[in-house]
Amino acid sequence: MALNTPKGQQKESFFSSLSRRLNIFEFIADRLEIKEEFPTSVLKKFLFGFVLVFIYISLQHHLETLYRNLTKAEIEIKEKRASFVSHKSAVMVKSKHSQVSESLEGRGLHRNVEPPVKIVAKN
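Residues numbered from 1 in each chain as written. Predicted model: local features only at pLDDT ≥ 70, side-chain atom pairs only at ≥ 80, totals over all residues. Heavy atoms only, no water.

Asker: What is the right way to read the overall build of the protein from this model?
Answerer: Counting secondary structure elements, the protein contains four helices and zero strands. Seen in sequence order, the protein has helices and strands lined up from the N terminus as α-α-α-α. Looking at the 123 residues of the protein, the share that counts as buried comes to 5%. Entry remark: accessible area of the protein is about 12700 Å², with carbon and sulfur atoms responsible for 63%. (Helix = DSSP H or I, 4+ residues; strand = E, 2+ residues; numbered from the N terminus. Buried < 20%, exposed > 50% of the residue type's maximum accessible area, 1.4 Å probe, protein only. Areas by Shrake-Rupley, 256 points an atom, 1.4 Å probe, with all protein chains shown as cover.)

Okay, structure coming up:
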């Protein structure tokens, strides 16, 4: 139900009464025990410090994330390099003449005992 107000007065809106009750500047002034009007220079310094702290925290978070990603990438590179070296050594062993001839003997191909014949073309 609406409040009755005298004819010369207007009823205060909900948001204006809420903003009057929850005034952040008055809250800060009460906490800092400032009895007079809240000086804007203190507010500027407070907001500047808050911005600096916020920037510092966000940069620290970004750097920690970057460091974790770099560490993870270094570990992955070391694992890939070790895998590459082991595969390369296995391929080098399998490509030797003795290893190739042994693997082909199992398929029925044998080493040629006769030396190669030189073919000479007549003009």
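Asker: What should I look at first to understand the environment of Ser95 in this one?
Answerer: Inspection of the secondary structure puts Ser95 in the loop between α3 (40-94) and α4 (97-105). In this structure Ser95 comes out as partly exposed when scored by relative accessible area, which is 48%. At a separation of 3.1 Å, a polar atom in the side chain of Ser95 contacts the main-chain carbonyl oxygen of Met92. (Polar contact = N/O pair within 3.5 Å; in protein donor to acceptor, adjacent residues only side chain to side chain.)

Asker: Would you mind going over a nonpolar patch on the surface with me for this structure?
Answerer: A cluster of nonpolar side chains, namely Phe50, Val51, Phe54, Ile55 and Leu59, defines an oily patch on the protein surface of about 510 Å² accessible area. Its place among the elements puts Phe54 in helix α3. For Phe54, a relative accessible area of 56% gives the class exposed. (Patch = residues over 30% accessible without salt bridge, like charges linked within 9 Å, V, L, I, M, F, W, Y side chains within 5 Å. Salt bridge = Lys/Arg side-chain N within 4 Å of Asp/Glu carboxyl O.)

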